[in-house]
Amino acid sequence: MAPEHSETFSKPEKRHELVLRLLVFTRKYLRVHRGWNSDRMLPQGKDPQDIVTDLLEKIVAGDRALNAGDELLPQIMGMIKSEISNLFASSSAKQVSFVGATDKQSNHEPVTMATPAAAAEVNDLFDLLLAHPVVAADTDLGMVVLAYKEGADGPSAVAKAIGLDVKKVYECQRNLAKIYPSIKNALRK
Amino acid sequence: MPAKSGEDLPLDQKCFKKIAPTMDTNDNQTARKLEDALLDDGDLSFAELRKTLESEGVDVGKFLSKADSAYAAGCRAQFKAQANAAKLRAELAQGSMFGVLEFKSRSELLDLFLAAVKGKFGGEAMARCRNKTADMMSESELRSWLEDIEKISASK
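Residues numbered from 1 in each chain as written. Chains lettered and ligands numbered in written order. Predicted model: local features only at pLDDT ≥ 70, side-chain atom pairs only at ≥ 80, totals over all residues. Heavy atoms only, no water.

(A) Region of the structure containing the packing of aromatic side chains. Tallied over the entire structure, the rule returns two aromatic pairs over all chains. Note on Phe98 of chain B and Phe121 of chain B: the rings are 4.7 Å apart at their centroids and 80° apart in plane angle, and the pair reads as edge-to-face. Residue Phe98 of chain B is found in the loop between helix 4 (60-93) and helix 5 (106-117), and its partner Phe121 of chain B is found in the loop between helix 5 and helix 6 (123-130); the two are separated by 23 residues along the sequence. Of the two residues, Phe98 of chain B and Phe121 of chain B, both sit in the buried class. Just above the ring of Phe88 of chain A sits the side chain of Arg34 of chain A; from NZ or CZ to the centre is 4.3 Å. (Phe/Tyr/Trp six-rings, centres within 6.5 Å; stacked < 30°, edge-to-face > 60°. Helix = DSSP H or I, 4+ residues; strand = E, 2+ residues; numbered from the N terminus. Buried < 20%, exposed > 50% of the residue type's maximum accessible area, 1.4 Å probe, protein only. Lys NZ or Arg CZ within 6 Å of the ring centre and 35° of its normal.)

Here is the structure:
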């Protein structure tokens, strides 16, 4: 492991911050893209904590390699997405169904627009977001949605484009994450 | 110049495009950037992350202990893999430094030992042989000594 990465794992305070970030990310990813909530077990009886700690062990053991020149957190987040995808793709997962979630959310495919999608479908997504009562009632939230619709790349770019404090942009994003699953469900009906 | 707040800006695409005309509007990238943003909590401090998880019912202390255990297990696995690799290298290297020692006579072993003292097989072998009195060593002792030097050199 590259020296700049190994320190993040070997120093307890850095390791603890890393794993907390990864757990928050994992839980949110499962909620937004898999319709999961904490009342439900994941395939193979796992929970989000297992996903993070299992991956941590594999990375430290050398079973999963990190690119020395790349940032650590995005790399591991990519690995987590891959682990979740593999978890749901396993044969035992096909019997797992989250009550209340759509069939697509429950099982095979993540509910994501990051696949080749018709321009119309992407426009529909943003239209539904803008029309959602929570967004319609909050001008700042609407501006954040519009910024991303126009291709903004990240909260700093959004903050600069629309003149909002970056912390406020992050808050708006977290609010959007809460309503996003319902938007995706509406889009697929 | 962008507006100070969203309050005085109409939700109008054309107006917005004038502010940020260079933004990439590729649809797949647009959707991906939005979804990445929904998962982005990069602004939260360690304390805020902890508070977020606790508010969701996570026992953060227990999770951090579990993470520490996973880290320790990963370290043990890594050390074991490295030790196995070193052992394998040493086994593969047997015979590579001094040839096959098993069938050499005592006088041939002694010749190798004296050559090692003179530095023919490198500084490491020379250092290890320098303070040893080969005359007092039996054939099997001499053979074992040379084998050990070979293994040590191979593992480095």
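(B) Seen up close, unusual backbone geometry. Non-glycine residue Gln44 of chain A carries a positive phi angle of around 60°. By secondary structure assignment, the location of Gln44 of chain A is in the loop between helix 2 (12-34) and helix 3 (48-61).

(C) View of the interface of chain A and chain B. Listed per partner, the contact involves 64 residues of chain A and 54 residues of chain B. Summing the contributions of chain A and of chain B, the shared interface buries around 5400 Å²; its carbon and sulfur component is 63%. At the junction of chain A with chain B, the criterion picks out 11 salt bridges. Here Asp41 of chain B makes a salt bridge to Lys28 of chain A, at a shortest N to O gap of 2.9 Å. Joining chain A to chain B, the criterion identifies 14 residue pairs in polar contact (both at pLDDT 80 or more). Counting residues per element, the ones that place at least two in the side of chain A that touches chain B are helix 1 (3-10), helix 2, helix 3, helix 6 (119-131), helix 8 (139-149), helix 9 (155-162) and helix 10 (166-188) of chain A. Top element by residues in the side of chain A that touches chain B is helix 2 of chain A. It accounts for 15 residues. Within the side of chain A that touches chain B, the residues separate by chemical class into 35 nonpolar, 12 polar and 17 charged. (Contact = heavy atoms within 4.5 Å. Buried area = accessible area lost by both parts, 1.4 Å probe. Salt bridge = Lys/Arg side-chain N within 4 Å of Asp/Glu carboxyl O. Polar contact = N/O pair within 3.5 Å; in protein donor to acceptor, adjacent residues only side chain to side chain. Nonpolar A, V, L, I, M, F, W, Y, C, P; charged D, E, K, R; others polar.)

(D) Geometry of the environment of Leu42 of chain A. Tracing the chain through its elements places Leu42 of chain A in the loop between helix 2 and helix 3. The sequence separation of Leu42 of chain A and Leu87 of chain A amounts to 45 residues, and the corresponding C-alpha distance is 8.3 Å.

(E) How the structure looks around the confidence of the model for chain A. Summarising the model, chain A shows a mean pLDDT of 84, and 85% of its residues fall at 70 or more. When mean pLDDT is compared element by element in chain A, helix 3 of chain A scores highest at 96, while helix 5 (residues 103-106) of chain A scores lowest at 41. (pLDDT = per-residue confidence, 0-100.)

(F) Representation of the pattern of salt bridges within the structure. The final tally for this structure, using the stated rule, is 21 salt bridges over all chains. Between Lys184 of chain A and Glu35 of chain B there is a salt bridge, with the nearest N and O atoms lying 3.8 Å from each other. Remark: Glu35 of chain B occurs in helix 2 (residues 27-38) and Lys184 of chain A occurs in helix 10; the pair is interchain, linking two chains. Each member of the pair, Lys184 of chain A as well as Glu35 of chain B, is classed as buried.

(G) Broad picture of helix 2 of chain A. Residue and element names in this part refer to chain A. With 23 residues, helix 2 ought to run about 33 Å at 1.5 Å a step, and its terminal C-alpha atoms sit 31 Å apart, in line with that. Burial analysis of helix 2 places 18 of its 23 residues in the buried class, the great majority of the element. Looking one or two places after helix 2, you find Gly35, whose phi comes out positive at around 65°. (Expected span 1.5 Å × (residues − 1).)

(H) Inspection of the confidence of the model for chain B at higher detail. Residue and element names in this part refer to chain B. For chain B, per-residue confidence averages 80 on the pLDDT scale, and residues scoring 70 or more make up 78% of the total. Mean pLDDT values over the elements of chain B span from 45, in helix 1 (residues 13-19), up to 96, in helix 3 (residues 46-55). Below a pLDDT of 50 lies the segment residues 1-10, which in the model reaches 19 contacts outside its immediate sequence neighbourhood of four places, other chains included. Low pLDDT, under 50, characterises residues 12-24; the predicted model gives this stretch 26 contacts beyond four residues in sequence or across chains.

(I) Local environment of the nonpolar core. In terms of nonpolar packing, the biggest core is built from 69 residues, with Phe9, Ile76, Ile80, Leu129 and Leu176 of chain A touching the most fellow members. Top element by residues in this core is helix 2 of chain A. It accounts for 10 residues. Other than its neighbours up to four places away in sequence, Leu176 of chain A contacts Leu129, Val135, Leu141, Val144 and Val145 of chain A together with Leu38 of chain B. Membership of the second largest hydrophobic core comes to 16 residues, among which are Phe121, Ala125, Cys129 and Ile149 of chain B. (Core = buried A, V, L, I, M, F, W, Y, C linked by side-chain atoms within 4.5 Å.)

(J) Structural view of the side chain of Gln75 of chain A. All names here are of chain A. With respect to the element layout, Gln75 can be found in helix 4 (residues 72-89). Among the residues examined, Gln75 registers a relative accessible area of 14% and is labelled buried. Looking at Gln75, its side chain comes within polar contact range of the main-chain oxygen of Glu71, at 3.4 Å. Those residues in contact with Gln75 that lie beyond four places of it in its chain are His5, Leu66, Asn67 and Asp70.

(K) Representation of the packing of helix 5 of chain B against helix 6 of chain B within the structure. Residues and elements named next belong to chain B. Two elements in contact, helix 5 and helix 6, have axes whose closest approach is 7 Å; the angle formed by their N-to-C orientations is 110°. The pairing of helix 5 with helix 6 is recorded here as roughly perpendicular in orientation. Contact residues: Phe113, Ala116 and Val117 in helix 5; Ala125, Met126, Cys129 and Arg130 in helix 6. Across the contact of helix 5 with helix 6, the residue classes break down as six nonpolar, no polar and one charged. (Axes fitted to C-alpha atoms, helices over the stretch in contact; angles between N-to-C directions. Parallel < 35°, antiparallel > 145°, perpendicular 65-115°, else oblique.)

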